[in-house]
Amino acid sequence: SLIDALAAVRSVAVFTSHTWIGSVDVPSAVVVTRHDRVVHARRQHKLARALPDSTVIEIDGGHDVFLEAPARLAAAIEAACAAVCADADERAVGA
């Protein structure tokens, strides 16, 4: 319904991770869409900087890259997963 859609938009608009994002203690990666007009790339990079030791994977595309270039997005997600797994392996060896 329209009410549900508006409630979802409001939830996205007010969401913030500022209070807890720095406490994430597992390997992480952020796929940055360089031409995103919904969530600007600088905000995506801000998220990556807030995550301790995160990996950044940048791709050409906007917020709808999953529709316009699904293979490009899939490759970026695969690279992000590989980076997270490598970080996890390094942490396990160092533990």
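Rules of the game
Residues numbered from 1 in each chain as written. Predicted model: local features only at pLDDT ≥ 70, side-chain atom pairs only at ≥ 80, totals over all residues. Heavy atoms only, no water. Core = buried A, V, L, I, M, F, W, Y, C linked by side-chain atoms within 4.5 Å. Buried < 20%, exposed > 50% of the residue type's maximum accessible area, 1.4 Å probe, protein only. Helix = DSSP H or I, 4+ residues; strand = E, 2+ residues; numbered from the N terminus. Pairing = 2+ DSSP bridges. Patch = residues over 30% accessible without salt bridge, like charges linked within 9 Å, V, L, I, M, F, W, Y side chains within 5 Å. Areas by Shrake-Rupley, 256 points an atom, 1.4 Å probe, with all protein chains shown as cover. Salt bridge = Lys/Arg side-chain N within 4 Å of Asp/Glu carboxyl O. Lys, Arg positive; Asp, Glu negative; His and termini not counted. Charge placed at Lys NZ, Arg CZ, Asp CG, Glu CD.

Asker: Would you mind going over the nonpolar core with me for this structure?
Answerer: Most often, soluble globular proteins have nonpolar side chains that are buried together. In this structure, Ile57, Ile59, Val65, Ala69, Leu73, Ala76 and Ala80 together form the largest nonpolar core, which totals 7 residues. For this core, the elements supplying multiple residues, two or more each, are strand E2 (55-59) and helix H4 (70-94). Tallying contributions element by element places H4 first for this core, with 3 residues. Counting 6 residues, the second-largest nonpolar core is a separate cluster that includes Val30, Val32, Ala41 and Ala48.

Asker: Could you clarify how one ought to interpret the pairing of strand E1 (residues 29-33) in this entry?
Answerer: Regular strands show a simple pattern: their side chains alternate between the two faces of the sheet. Where E1 meets E2, 5 bridges bridge the pair, whose relative direction is parallel. Directly across from Thr33, in E2, lies its bridge partner Ile59.

Asker: Can you walk me through a positive patch on the surface in this structure?
Answerer: Residues Arg42, Arg43, Lys46 and Arg49 make up a contiguous surface patch of positive charge. For Arg42, the location among the structural elements is in helix H2 (residues 41-50).

Asker: What is the right way to look at the environment of Arg10 in this model?
Answerer: With respect to the element layout, Arg10 can be found in helix H1 (residues 2-14). For the pair Arg10 and Val32, spaced 22 residues apart in sequence, the C-alpha to C-alpha distance is 23 Å.

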